[in-house]
Amino acid sequence: MALLRKISSKARTTANTGFGDNAASYGGRFLNKDGAANIHKTGLGILERFSWFHSMLAMKNAHFFIIILMFYVAVNLIFAAIYFFIGTEHLSGMQTHSNGQKFAEAFFFSAQTFTTVGYGRISPTGILTSGIAAFQALIGLLSFAVATGLMYGRFSKPVAYVKFSHNALIAPFKNGKGLMLRLAPFKNSILSEAEVRLTIGLVIEENGIVQNRFYPLDLELERVNTLNLSWTVVHPITENSPIYDFTREDFTNCKGEVIVFLKAFDDMFSNTVVARSSYTFGEIIYGAKFLPMFHQDQEHNRTVLDLDKLNDHKTMDLTA
C-alpha cells in the first residue's frame, strides 16, 4: 500500500494506546471531539453498563436541571394520583369540589410533603393516607440528599477548562513544515505543569492485512510551567516523523487520526486535571497558519486573550 511506503522507517510505533490493531473491527474515529472514546458497549443490561451517577456529573447544566425538575414533577404527580384515588376526603382542609381542583390540591399537598414544608392547611387523616405521606417525606429527604450530593459533585469535580481548536494545521515551521493545533484555558483557573502528548493513528495495509498503527509524535515543546495564554502545540515534520512524506492528497485520501492528551495541575482543585481531543485527517487543513489570538490592551498594561479567535487561521502556500 502506498501509505505504508510513505511512513518513515525511523518512526517509532507504540502499542500502549488502549486501541486495538485490527482496523476492520474499528468504526469511525478513535476519540470524539470532546475526548470521549468512540465506543458503544453491548452484551450487558443497561443498568449494568450505565452509571447514572457518572452521567449526572458529566452532562450539561441545562440537561441536569431539566432532569431534576422532571423528577420532582413526576414524583409529585404520582403521589397526587395516589392521594386522589384513595379519596380526597382523607385530606383534611381541602375546600374544592371539582375533580380538577381536587387533583391540583393533592399535587400541591404532595409537593409540600415531599419538600417537608408542610404549611398545615391540608393534612392527612387515616392510617393509610398518613402512612403514604410519611413514606413520601422519607423519599423527599433521600432525594434532596442525593440531589445535593450531585450538585456538590458537579461543582467540585476537577475539570480541565481547556478548549482545543476545531482544526489542526499543516503549517510552515522553521525551514520545513509542522503539524500544529492550538489550545487555550477559558476559565479563571490557574493551570501549571501542563504536559501534552500527541499520537497519530494510521490505517495501513501490511502483508495483506489492514491494521491500525500508532506513532508517538515528537513535539517542539511538550511541557510548559504555567498555561495562561494559548498554546500552539507543534510537531516538527522531520525525517523521524511518520508523516514526513505526506502530501495534501495523502491527508485527503488516507485514513488517520491525531489523538491529543493534555495533563495539568489545577491550583484551585489542588488536583491533576486532564483533557483529550482528536483530529481526523478530514479535520487537518494542509497549508494554513494560526492567527494571533492575544494582544495588549489599550493601556498597554494587560494582555487580552481573544478566545473567539481560537480557530482563526489563514491559508499558506506549502511545497508538497
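The rules behind these values
- Residues numbered from 1 in each chain as written.
- Predicted model: local features only at pLDDT ≥ 70, side-chain atom pairs only at ≥ 80, totals over all residues.
- Heavy atoms only, no water.
- Helix = DSSP H or I, 4+ residues; strand = E, 2+ residues; numbered from the N terminus.
- Rg over C-alpha atoms; globule rule 2.2 N^0.38 Å.
- Buried < 20%, exposed > 50% of the residue type's maximum accessible area, 1.4 Å probe, protein only.
- Contact = heavy atoms within 4.5 Å.
- Axes fitted to C-alpha atoms, helices over the stretch in contact; angles between N-to-C directions.
- Parallel < 35°, antiparallel > 145°, perpendicular 65-115°, else oblique.
- Nonpolar A, V, L, I, M, F, W, Y, C, P; charged D, E, K, R; others polar.
- Left-handed = near helix turned anticlockwise from the far one by under 90°.
- Expected span 1.5 Å × (residues − 1).
- Core = buried A, V, L, I, M, F, W, Y, C linked by side-chain atoms within 4.5 Å.
- Salt bridge = Lys/Arg side-chain N within 4 Å of Asp/Glu carboxyl O.

Draft legend 1. Main features of the overall build of the protein chain. From N to C terminus, the protein chain includes seven helices and 16 strands. For 320 residues, the compact-globule estimate of 2.2 N^0.38 gives 20 Å, and the C-alpha radius of gyration of the protein chain, at 29 Å, exceeds that figure by more than 25%. Projected onto its principal axes, the C-alpha coordinates of the protein chain cover approximately 85 × 60 × 35 Å. Counting only residues that meet the buried cut, the protein chain has 38% of its 320 residues in that class. Sequence separation of 24 or more characterises 69% of the internal contacts of the protein chain that already satisfy a separation of 6 or more.

Draft legend 2. View of the packing of helix H5 (residues 99–114) against helix H6 (residues 127–156). Relative to each other, H5 and H6 sit at 55°, their axes nearing to 8 Å. In terms of orientation, H5 lies oblique with respect to H6. Across from Phe 109, Ser 110, Thr 113 and Phe 114 in H5, the residues of H6 making contact are Ala 133, Gln 136, Ala 137, Ile 139, Gly 140, Ser 143 and Phe 144. Looking at the contact of H5 with H6, its residues break down into six nonpolar, five polar and no charged.

Draft legend 3. Just the packing of helix H4 (residues 61–86) against H5, in detail. Interhelical geometry of H4 versus H5 gives an angle of 125° and a closest axis separation of 8 Å. One finds that H4 runs oblique with respect to H5. Handedness of the crossing formed by H4 with H5: right-handed. Residues Phe 71, Tyr 72, Val 73, Val 75, Asn 76, Leu 77, Phe 79, Ala 80, Ala 81, Tyr 83 and Phe 84 of H4 lie in contact with H5, whose contacting residues are Asn 99, Lys 102, Phe 103, Ala 106, Phe 107, Phe 109, Ser 110, Ala 111 and Phe 114.

Draft legend 4. Layout of H5. Taking 1.5 Å of rise per residue, 16 residues should cover 22 Å, and H5 covers 22 Å from first to last C-alpha, within 8% of that figure. Glu 105, Ala 106, Phe 107, Phe 109, Ser 110, Ala 111, Gln 112, Thr 113 and Phe 114 are the residues of H5 that are buried. Directly beyond the C-terminal end of H5, a positive phi value near 60° is found at Thr 116.

Draft legend 5. Focus on the nonpolar core. Counting residues in hydrophobic clusters, the biggest one holds 39 residues, and the most contacted among them are Leu 181, Leu 198, Trp 231 and Ile 284. Looking at this core, the element that brings in the most residues is strand S6 (residues 191–206), giving seven residues. Residues in contact with Leu 198, not counting those within four places in the same chain, are Leu 181, Tyr 215, Pro 216, Leu 217, Leu 219, Val 233, Val 258, Ile 259 and Val 260. Ranked by size, the runner-up nonpolar core spans 13 residues in total, among them Val 75, Phe 109, Phe 114 and Ile 122.

Draft legend 6. Up close: the environment of Leu 219. For Leu 219, the position within the fold is in the loop between strand S7 (209–217) and strand S8 (223–227). Overall, Leu 219 belongs to the buried group, its relative accessible area being 12%. Here the alpha-carbon distance between Leu 219 and Val 233, two residues 14 residues apart in the chain, equals 7.2 Å. Apart from residues no more than four positions distant in its own chain, Leu 219 is found in contact with Val 196, Leu 198, Val 233, Val 234, His 235 and Pro 236.

Draft legend 7. Focus on the pattern of salt bridges. All told, the structure shown has six salt bridges when counted by the stated rule. Here Arg 121 ties to Glu 105 by a salt bridge, and the two come within 2.7 Å at their closest N and O atoms. With Arg 121 in the loop between H5 and strand S2 (123–124) and Glu 105 in helix H5, this residue pair connects regions lying 16 residues apart in the sequence. We classify Glu 105 as buried; its relative accessible area is 15%. With its nearest N and O atoms 3.6 Å apart, the salt bridge here joins Lys 309 to Asp 306. When salt bridges with common partners are traced through the structure, they connect Arg 29, Lys 33 and Glu 283 into a single cluster.

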